[in-house]
Amino acid sequence: MGRVKDADKLFEKIPERNVIIWSIMVHGYSKNGLHEKSIECFNSMRNIGLVPNSFTIVGVLVGVSGLRDLILGQSVHGLIVKLGLEDNSFVGTSLLEVYAKCGNINDSCKIFENLKSQGLVPWNAMISAFVHNGLFKEAFLLFNRFRKSGLFPNSMTVMALTQSCVAMESKCLCESAHAMVVKFGLVADVQVNNSLLFLYSSLMELPVAWEIFDSMEEKDVISWSTMMSLLVHLEYASDAIKLFFHMRDYDHLILMNLISACGILGNLKMGKSVHAQVITHGFGSELPLLNAMIIMYARSEDLNSSRTVFDHSTMKSMVSWTSIISGLLHNGRPREALDMFIRVRIVENFFTDSVLLVSALTAAGEMVALELCMQLHCHTIKAGCTNYRSIQNCLISTYSKCGDVELANNVFVQMASLRDIVSWNAIINGYGINGHGETALSLFYEFRKSGGIPDSATYLSILSACSHSGLVSEGLLIFNQIIEENRIRVVTEHYGCIADLLARAGYLSDASKFLDGEGKTLWKAILNGCVRNGDLNLAEFAVRKFHEQIQKDSGQLVLLSNLYASVGRFKDAEALRLGMEAEKLIKVPGFSILTGNL
């Protein structure tokens, strides 16, 4: 029952303690995670001259396994041989588990092969031993031997194998394991179903995971938590919240997923309500929950609350620091984010991981701090993080934002086999934003030639590059390919790039066709083109079409005012300026991204 102190008191009151009483205590301590206490109890028993039985040995081996103490395990092994218990199936199984937990898989194999009675429990223990040591193929090979021996798998077998399937990232193996569960009638076991849920969640297979979850007659907290985690990870936040309202009971993991869902939706009101539930249920000191709340408040643009939760956390992990730094970046505070990064490095003395370095590099890119980016690049080399793809991709983006596309390309070239679609997108976008549209195009076609399949971000990067470099025919050709392939969903941003491309090149009549087509954000591209080309009629059409959006944008109002003034309509220009003053709209001053000067 976990009431170890009560067991202690009762044990002390027993005048004559035999082997059975001592064995119960040794086993009880181990079972409740008090591994050192279990060893101490075993030593006390030995000191008074009592000879342990198989039950005692199993109890002490569980304690040794928990301590991961190989030398102590070998000492107990010697005692087992001395007592003649090496042929005992329960003792042998516990001993092979000790060696497996201590990383000595060879001795685990020797013990398993020497066991005379190889029932279901030893087989499961050996399969789990392989899994624990990352020998996933060996686990499946042993399972094949297990089936040939005529034994039938149980829930423990399935749970070990599903861990292997997840680690090997093999959808085929996952489906085979699922088929085995159905074949042997294990679908009613809640632990097995939870393993399958975890398996398909790891593969991001939402339809299959949902089907399993929906068909489960019995669900526990793990079932609900796994399903909610998958929905949150795939950013189906609304569905995750709906799922929560069908639950009867929940723990801190459920609340953590609920907080994450609120953060994705930016639902501050509900987030605060969940925060209150966290405190009410006594989970206020759970660090993972506090970290989730830091992110939730930051995503909901309540940075003050995010800082308050962070500052009041008595224990802060690397995740806590990464969360607040990401929150500051999300809210446009790169300088404060960098200050936090420096603080965590100097004051807290944490080891800088890849996630934290990505945040620091992102902040450097937002501030266009080339020298700082180069220093951070040196730090990644010193910290041994050069093989992290996320850092390399971030370096490409940061160098590009700092205007040094040559350094960005050096990182890209050095990545070689590490490159993924994010790497290609970053370098294409890097050349595009720095005015090297033809190079961006060359890279895009190189990516296609190498077998790469462009995603939505790839097309957005190359269309933007064509727009900035005036490559009208090339941009239209690529846009036509997107439409013909019909593989990705064309969104407002894609249409915006084409509208901007045409407007910049002076094809305002063609660009205006998009006004009746896609999205309300396209008026910016059209209006900018009208100002450059002095087309007042089309500008006024854009104003009428998207009056509400333009009235809220001070920058566009100033552009329109300037256009009125350029054609001599000074009264209209003045009216716009007076309207801005009345609404207290102030144009944000222009800022040079490369020099940092106004």
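Nothing here was measured: the structure is a model prediction, and the numbers come from that model. (Residues numbered from 1 in each chain as written. Predicted model: local features only at pLDDT ≥ 70, side-chain atom pairs only at ≥ 80, totals over all residues. Heavy atoms only, no water.)

Participant: Explain the overall build of the protein chain here, please?
Facilitator: A tally of regular secondary structure across the protein chain gives 36 helices and 0 strands. Burial analysis of the protein chain (598 residues in total) assigns 44% to the buried set. Sequence separation of at least 24 residues holds for 59% of the intrachain contacts in the protein chain that already meet a minimum separation of 6. Summed over all atoms, the accessible surface of the protein chain reaches about 30900 Å², with 54% contributed by carbon and sulfur. (Helix = DSSP H or I, 4+ residues; strand = E, 2+ residues; numbered from the N terminus. Buried < 20%, exposed > 50% of the residue type's maximum accessible area, 1.4 Å probe, protein only. Contact = heavy atoms within 4.5 Å. Areas by Shrake-Rupley, 256 points an atom, 1.4 Å probe, with all protein chains shown as cover.)

Participant: Quick question: what am I supposed to make of the packing of helix α10 (residues 155-168) against helix α12 (residues 190-202) here?
Facilitator: Each pair of packed helices can be described by the angle between their axes along with the distance between the axes. Between α10 and α12, the least distance of the axes is 9 Å, while the angle of their chain directions is 5°. For the element pair α10 / α12, the angle class is roughly parallel. Touching Ser 155, Val 158, Met 159, Thr 162, Cys 165 and Val 166 of α10 are Gln 191, Val 192, Ser 195, Phe 198, Leu 199 and Ser 202, all from α12. Its residues assigned to classes, the contact of α10 with α12 shows 7 nonpolar, 5 polar and no charged. (Axes fitted to C-alpha atoms, helices over the stretch in contact; angles between N-to-C directions. Parallel < 35°, antiparallel > 145°, perpendicular 65-115°, else oblique. Nonpolar A, V, L, I, M, F, W, Y, C, P; charged D, E, K, R; others polar.)

Participant: Where do I start with helix α26 (residues 421-433) in this structure?
Facilitator: Residue pairs spaced three or four apart in an α-helix point in one direction, given the helix's 3.6 residues per turn. For α26, built from 13 residues, the straight-helix expectation of 18 Å at 1.5 Å per residue is met to within 8% by its first-to-last C-alpha distance of 18 Å. In this structure, the buried residues of α26 make contact with α24 (389-401), α25 (405-415), α27 (437-449) and α28 (456-469). Where α26 begins, one side-chain oxygen reaches toward the backbone nitrogen of Val 422, 3.2 Å away; that side chain belongs to Asp 420. Just downstream of α26 lies Gly 435, where phi reads positive at about 80°. (Expected span 1.5 Å × (residues − 1). Polar contact = N/O pair within 3.5 Å; in protein donor to acceptor, adjacent residues only side chain to side chain.)

Participant: Would you mind showing me how to read helix α15 (residues 237-244) here?
Facilitator: Looking at α15, one finds that the buried residues are Ala 237, Ala 240, Ile 241, Leu 243 and Phe 244. Projected down its long axis, α15 carries its buried residues within an arc of 155°, all on one side. Check the buried side of α15 and you find it contacts α13 (206-215), α14 (221-233), α16 (252-265) and α17 (268-280). (Arc of directions from axis to C-beta.)

Participant: What exactly am I supposed to notice about the layout of surface pockets here?
Facilitator: Any empty space left between atoms is shown by rolling a water-sized probe over those atoms. Volume-wise, the largest pocket comes out at about 410 Å³. Lining the largest pocket are 20 residues; nearest its centre among them are Glu 97, Asn 124, Ala 125, Ser 128 and Met 156. Of all elements in the fold, only α4 (54-67), α6 (89-101), α8 (120-132) and α10 reach the threshold of two or more residues within the lining of the largest pocket. Across the lining of the largest pocket, the residue classes break down as 11 nonpolar, 7 polar and 2 charged. A volume near 340 Å³ is recorded for the second largest pocket. At 6 residues, the largest contribution of residues to the lining of the second largest pocket is made by helix α2 (residues 19-31). Broken down by class, the residue content of the lining of the second largest pocket amounts to 10 nonpolar, 3 polar and 2 charged. (1 Å grid on protein atoms, 1.4 Å probe; cavity = no way out; pocket = protein on both sides within 12 Å on 5 of 7 lines; lining within 4 Å. Points joined across faces, edges and corners; volume = space filled by probe spheres on them.)

Participant: Would you mind going over the UniProt feature "repeat: PPR" (unreviewed entry) in the protein chain with me for this structure?
Facilitator: Taking the numbering used here, the UniProt-annotated feature "repeat: PPR" (unreviewed entry) corresponds to residues 18-52, 119-153 and 420-454. Taken end to end, residues 18-52 is 74% helix and 0% strand, and its two terminal C-alpha atoms sit 10 Å from one another. (UniProt positions renumbered as here; feature names shortened; annotations may be inferred.)

Participant: When you look at the packing of aromatic side chains in this model, what are you seeing that I'm missing?
Facilitator: When we look at a pair of aromatic rings, we describe it by the centre distance and by the angle of the planes. Summed over the entire model, instances satisfying the criterion amount to 13 aromatic pairs. Summarising the aromatic geometry, the rings of Phe 112 and Trp 123 are spaced 5.1 Å apart at their centres and angled 80° between planes, so their arrangement reads as edge-to-face. Pair noted here: Phe 112 is in helix α7 (residues 105-114) and Trp 123 is in helix α8, with a separation of 11 residues, a long-range link. Here Phe 112 matches Trp 123 in class, with each residue buried. Both rings, one in Trp 210 and one in Phe 213, keep their centres 5.9 Å apart while their planes meet at 40°; by these two values the pair is tilted. Pair noted here: Trp 210 and Phe 213 are both in helix α13, with a separation of 3 residues, about one helical turn. Taken together, the ring pairs in this structure connect Phe 112, Trp 123, Phe 143 and Phe 146 into an aromatic cluster. Over the ring of Phe 412 we find Arg 419; its NZ or CZ atom is 4.3 Å from the centre of that ring. (Phe/Tyr/Trp six-rings, centres within 6.5 Å; stacked < 30°, edge-to-face > 60°. Lys NZ or Arg CZ within 6 Å of the ring centre and 35° of its normal.)

Participant: Teacher, can you tell me more about unusual backbone geometry here?
Facilitator: Comment: phi is negative for the bulk of residues other than glycine, and the bulk of peptide bonds are trans. For Arg 68, which is not glycine, the phi dihedral falls at a positive 55°. By the secondary structure assignment, Arg 68 is in the loop between α4 and α5 (70-83). Since its relative accessible area comes to 43%, Arg 68 is described here as partly exposed. Residues other than glycine seldom take positive phi values, yet Glu 301 does so here, at roughly 65°. Relative to the helices and strands, Glu 301 is located in the loop between α18 (287-299) and α19 (303-312).

Participant: Explain the state of the cysteines to me, please; I cannot follow it from the model alone.
Facilitator: Note: disulfide means a covalent bond formed between the sulfur atoms of two cysteine side chains. Applying the stated criterion to the full structure yields 0 disulfides. Cysteine Cys 402 shares no disulfide, and the gap to the nearest cysteine sulfur, in Cys 373, comes to 5.2 Å. Overall, the relative accessible area of 8% leaves Cys 402 in the buried class. (Disulfide = S-S within 2.5 Å.)

Participant: It is not clear to me how the side chain of Thr 226 should be interpreted in this structure. Could you clarify?
Facilitator: Its place among the elements puts Thr 226 in helix α14. The contact partners of Thr 226, leaving out residues within four places of it in the chain, are Leu 197, Phe 198 and Ser 201.

Participant: Please explain a nonpolar patch on the surface as it appears in this structure.
Facilitator: Together, Ile 20, Ile 24 and Phe 55 give the surface a local cluster of nonpolar side chains, amounting to about 290 Å² of exposed area. If you trace the backbone, Ile 24 turns up in helix α2. (Patch = residues over 30% accessible without salt bridge, like charges linked within 9 Å, V, L, I, M, F, W, Y side chains within 5 Å. Salt bridge = Lys/Arg side-chain N within 4 Å of Asp/Glu carboxyl O.)

Participant: Quick question: what am I supposed to make of the pattern of salt bridges here?
Facilitator: Where side chains of opposite charge bring their charged atoms close, a pairing between them can arise. Going through the model one piece at a time under the given rule, you end up with 11 salt bridges. Residues Glu 336 and Arg 307 are paired through a salt bridge, measuring 3.8 Å at the closest nitrogen-oxygen approach. Of the two residues, Glu 336 is situated in helix α21 (residues 334-346) and Arg 307 in helix α19; the sequence distance between them amounts to 29 residues. For Arg 448, the salt bridge is made with Glu 485, and the minimal N-O distance between the two is 3.3 Å. Of this pair, Arg 448 sits in helix α27 while Glu 485 sits in helix α29 (residues 472-485), and the two are 37 residues apart along the sequence. Arg 448 sits in the partly exposed class, given a relative accessible area of 30%. Classification of Glu 485 by relative accessible area gives partly exposed; the value is 33%.

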